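# Understanding the architecture of this molecule
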Amino acid sequence: MLFLFTTGFASSIEDNFNSSCRVNTSSGARGSGTCVNEDEHYYYILTNGHVTTGSRNFTVEFFKDDILLPPVQAQLSYINFVRNSSVDLCILAVRKNLLKHKPTIIPIAPEGTTLKRGDSLQGAGFPSAYWCQAWRTQVRSMSFGNDIVTIHMPPLGGQSGSGITKVINGKLYVVGIITWNNSGWGSGVSIKRIHEIL
C-alpha cells in the first residue's frame, strides 16, 4: 500500500520529536500521530482510529525546534476501527503546502518484522494532549497472537496514536502504535497487526 513504503530513514530520538504531531478533532478528541510517509503532495500521519472516529474535521500540530507549530488542516485518508479490539488505525493526509517545515518520516517496519520481550523501543507523543515528550522503554510482552504489544511505559490520555519505534539495522521504523493504558502498562497495536489491518 501507499502508506508502507518510503525512501528516507530516521535513526534517533530527535527524529521521533520531529515526526510526532498532536491530532485535534472536531469532536474534541485529541491524540498523537506519527508521520510515516509522503508523496508529491501529502504527508501521511498514522494514528488510532478511536482518536478520529465520529469526527469530520481534523488539524495536526507538529513540534519543531522546541516549539509547537500552528495547527494545519488534515483530511481522513483511511480508517479501520472496531471498538474493543486491536483494529484501531487511521491515516490522516496533510497537504505539504500547508507546512512550513518538513517533518521527519519514520516508515512502518517491513512485513515480517517481529518484536520480543526486552526489545528496546522509543517514541514521542503528547501526554494529556499538551506538549511533545519523547520516551524510551522495552517490550514487556506480546499477546493475542502477537497482535498486541505491551510496553513498560504507561501512557496518559493524549498519547493514543503515538508511534512505537525501533532502530533496526541502523534505521528507525514504526513497530506499533500506543492504543491503551492497560493496568499501568502501555499497550498497542503491533507491527504484525498494522500490516494485517492496512
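In case you missed it, the structure is sitting above this.
Below, the structure is looked at part by part. What you are looking at is a predicted structure, and each value in this text was computed from that prediction instead of being measured.

### Examining the pattern of salt bridges
Scanning all chains against the criterion turns up nine salt bridges. The residue Arg-22 makes a salt bridge to Glu-61 at a minimum N-O spacing of 2.9 Å. Taken together, the positions of Arg-22 in strand β1 (residues 20-25) and Glu-61 in strand β4 (residues 58-64) put the pair 39 residues apart, joining distant regions of the chain. Salt-bridge contacts for Lys-102 lead to Glu-38; the nearest nitrogen and oxygen are separated by 2.9 Å. Of this pair, Lys-102 sits in the loop between β7 (88-95) and β8 (120-125) while Glu-38 sits in strand β2 (residues 30-38); the two residues are 64 residues apart in sequence, bridging distant segments of the chain.

### Quick word on the environment of Ala-29
By secondary structure assignment, the location of Ala-29 is in the loop between β1 and β2. Note: C-alpha distance between Ala-29 and Gly-158 (129 residues apart in sequence) is 8.5 Å. Once you skip the residues sitting within four places of it in the chain, Ala-29 turns out to touch Val-23, Asn-24 and Val-51.

### What to know about the nonpolar core
Counting 31 residues, the largest nonpolar core has Leu-46, Leu-89 and Ile-194 as the members making the most contacts within it. If one sorts the elements of this core by residue count, strand β12 (residues 171-182) sits on top with six residues. Those residues in contact with Leu-89 that lie beyond four places of it in its chain are Leu-46, Thr-47, Asn-48, Gly-49, Tyr-78, Ile-79, Asn-80, Ile-177, Val-189, Ile-194, Ile-197 and Leu-198.

### Here we look at unusual backbone geometry
Non-glycine residue Ala-129 carries a positive phi angle of around 55°. By relative accessible area, Ala-129 is classed as buried at 9%. In this model, Asn-146 sits at a positive phi of 70°, which is unusual for a non-glycine residue. Within the secondary structure, Asn-146 sits in the loop between β9 (133-143) and β10 (148-151).

### A look at the packing of aromatic side chains
If you walk through the whole model with that rule in mind, you get four aromatic pairs. Ring centres 5.2 Å apart and planes at 90° place the aromatic pair Phe-63 and Trp-131 in the edge-to-face group. Of this pair, Phe-63 sits in strand β4 while Trp-131 sits in the loop between β8 and β9, and the two are 68 residues apart along the sequence. An angle of 45° between the planes, with centres 6.3 Å apart, marks the rings of Tyr-130 and Trp-131 as tilted. Since its relative accessible area comes to 35%, Trp-131 is described here as partly exposed. Taken together, the aromatic side chains of Phe-17, Phe-63, Tyr-130 and Trp-131 make up a single cluster linked through ring pairs. Sitting above the plane of the Tyr-43 ring, Lys-96 keeps its charged end 5.1 Å from the centroid. If you follow Arg-140 out to its NZ or CZ, it ends over the ring of Trp-185, 3.8 Å from the centre.

Procedures and definitions
- Residues numbered from 1 in each chain as written.
- Predicted model: local features only at pLDDT ≥ 70, side-chain atom pairs only at ≥ 80, totals over all residues.
- Heavy atoms only, no water.
- Salt bridge = Lys/Arg side-chain N within 4 Å of Asp/Glu carboxyl O.
- Helix = DSSP H or I, 4+ residues; strand = E, 2+ residues; numbered from the N terminus.
- Contact = heavy atoms within 4.5 Å.
- Core = buried A, V, L, I, M, F, W, Y, C linked by side-chain atoms within 4.5 Å.
- Buried < 20%, exposed > 50% of the residue type's maximum accessible area, 1.4 Å probe, protein only.
- Phe/Tyr/Trp six-rings, centres within 6.5 Å; stacked < 30°, edge-to-face > 60°.
- Lys NZ or Arg CZ within 6 Å of the ring centre and 35° of its normal.

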